Amino acid sequence: MDRGHELLALAVPIARGAAALAKAMRAAGVDPVATKSTLTDVVTAADQAVERQVREAIRRARPGDAVLGEEYGDSQQASAVRWILDPIDGTVNYLYDLPQYAVSLAAEVDGVVVAGVVINAATGREWTAVLGGGSHADGRRLSGSRQTDLRQALVGTGFGYAADRRLHQAAVLAGLIGDIRDVRRLGAAAIDLCLAAEGSLDAYYEKGLNAWDHAAGGLVAAEAGLLVTGLAGAVPGPDMVVAAPPALHKALHDRLVELDADKGP
């Protein structure tokens, strides 16, 4: 078994346990316990509990590995293997009991993501990927959308928590929406990337994503044959993540460049 498959074999049951905890805590009722970057950027007790559970499971199985998580940061261990975790991607959906929130767990080896799993904790839908081994959902190999015309593309996106960033993102969307079929904003980047991987969205873009938002979902999309990039030669990161099949990527990328989508706050 190669390293990617080995790490995925560990990631999947850990993520399933985390998703079960998140769903159980949601059923018991949930309130925000703190805010982070803004008053609208909430963190719940479940975010923290799920991350603690995942960290402990990784520590037991692979005590020397590093972990980067949204709630508790980087473990600062020197290790070739680092796990990248979003315990609940889509916390606002979780808070409002909207069924689009996910556990996202990726394994990175020497700075390269080699395995990832995303589980919609509300529905149990699961997506997995191994570098060079393809991506799958429910046992089905994913291959992205066959759409070739941006004007007919259903495009996913998201918005930041800070008002000034949302205003910039809204202006970008106002410039783009006449060039596409329509837009969807589901509120969980990891799920958006997986939906693009399976072709339920034709493409996806968003500014402001952290590593835990896109590490696993980005690998799922890339292994489905999508191009996952930043703008103007940049790697995907906080300034921009674009995920689209090759037939759509250039047109979407170039329009986002024209709209200065990676600029602003």
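Described in the following lines is the structure provided in the data block. Residue numbers run consecutively from 1 along every chain, following the written order of its sequence. The predicted origin of the model limits local features to residues at a pLDDT of at least 70 and limits the giving and counting of side-chain atom pairs to 80 or more, whereas totals for whole chains, interfaces and linings rest on all residues. Think of the side-chain values as coming from all heavy atoms in the structure, minus any hydrogens and water.

Brief notes about the environment of Ser135
For clarity, the threshold we go by: Working definition: helices are DSSP H or I runs of at least four residues, strands are E runs of at least two. Numbering for both runs from the N terminus. Exposed residues in this analysis have more than 50% of their type's maximum accessible area, buried residues have under 20%, and partly exposed residues fall in between, with area computed by a 1.4 Å probe over protein chains only. By definition in these notes, contact holds between two residues if any of their heavy atoms fall within 4.5 Å. Each polar contact in these results corresponds to two N or O atoms within 3.5 Å; when the atoms are within protein, one needs to be able to donate a hydrogen and the other to accept it, and residues that are neighboring in sequence are counted only if both atoms are side-chain atoms.
Relative to the helices and strands, Ser135 resides in strand β9 (residues 134-137). By relative accessible area, which is 0% here, Ser135 ends up buried. Spatially, the C-alpha atoms of Ser135 and Val117 are 9.5 Å apart, while their sequence positions differ by 18 residues. Beyond its immediate stretch of four places on either side in the chain, Ser135 contacts Thr128, Ala129, Arg140, Arg141, Leu142, Val220, Glu223 and Ala224. Among the polar contacts listed, one links the side chain of Ser135 to the backbone oxygen of Val220, at a separation of 2.9 Å. At 3.3 Å, the side chain of Ser135 forms a polar contact with the backbone nitrogen of Ala224.

Observations concerning the packing of aromatic side chains
To keep it simple, the criterion reads: Pairing of aromatic side chains here covers Phe, Tyr and the six-membered ring of Trp, requires ring centres within 6.5 Å, and sorts the geometry by plane angle: under 30 degrees stacked, over 60 edge-to-face, intermediate tilted.
Under the counting rule described, the total for this entry stands at one aromatic pair. Centroid distance Tyr94 to Tyr101: 4.8 Å. Interplanar angle 85°. Geometry classified as edge-to-face. Each member of the pair Tyr94 and Tyr101 is classed as buried.

Description of unusual backbone geometry
Trans peptide bonds make up the majority, and among non-glycine residues the majority have a negative phi. Of note in this structure, Asp97 is not a glycine but carries a positive phi near 60°. Relative to the assigned elements, Asp97 resides in the loop between α3 (91-96) and β6 (102-109). A positive phi angle is found at Asp260, which is not glycine, with a value near 55°. Position of Asp260 relative to the elements: it lies in the segment after α7 (246-258).

Digging into the sheet that holds strand β12 (residues 182-184)
Stated precisely, the cut-off is as follows: At least two bridges found by DSSP between two strands is the condition for calling them paired. To get an axis, fit a line to the C-alpha atoms, keeping to the stretch in contact for a helix; angles then go from 0 to 180 degrees between the N-to-C directions.
In spatial order, the strands read β12-β11-β13-β15-β14; together these five strands make up an open sheet with mixed pairing. If you trace the sheet from one side to the other, it starts and ends with β12 and β14 (227-229), each paired once. Sheet twist, expressed as the average angle between the axes of neighbouring strands with direction ignored, equals 20°. Packed onto the sheet, helix α5 (residues 189-198) meets β13 (203-206) and β15 (241-244) and runs at close to 155° relative to β13.

Notes on the pairing of β6
Counting buried residues along β6, eight of its eight residues qualify, which places the element largely inside the surrounding structure. Covered by surrounding structure in β6 are Ala102, Ser104, Ala106 and Glu108 together with Val103, Leu105, Ala107 and Val109, the residues of both alternating faces. Bridge analysis of strand β5 (residues 81-89) against β6 gives seven bridges, and the strand direction is antiparallel. Among the inter-strand pairings, Asp89 is bridged to a residue of β6, identified as Ala102. Hairpin connection from β6 to strand β7 (residues 112-120): two residues lie between these consecutive antiparallel strands, with Asp110 at a positive phi of about 50°.

Notes on the nonpolar core
Our working definition: To define a nonpolar core, start from buried Ala, Val, Leu, Ile, Met, Phe, Trp, Tyr and Cys residues and group those joined through side-chain atoms within 4.5 Å.
Ranked by internal contacts, the top residues of the largest apolar core, which has 34 residues, are Val118, Trp127, Leu142 and Val220. Mapped onto this core, the elements with two or more residues apiece are β6, β7, β8 (126-130), α5, α6 (211-223) and β15. Top element by residues in this core is α5. It accounts for eight residues. Setting aside anything within four residues of it in sequence, one finds Trp127 in contact with Gly116, Val117, Val118, Asn120, His136, Ala137, Leu142, Ile191, Cys194, Leu195, Glu198 and Val220. Judged by nonpolar contacts, the second largest core, of 33 residues, contains Val30, Val67, Leu85 and Val103.

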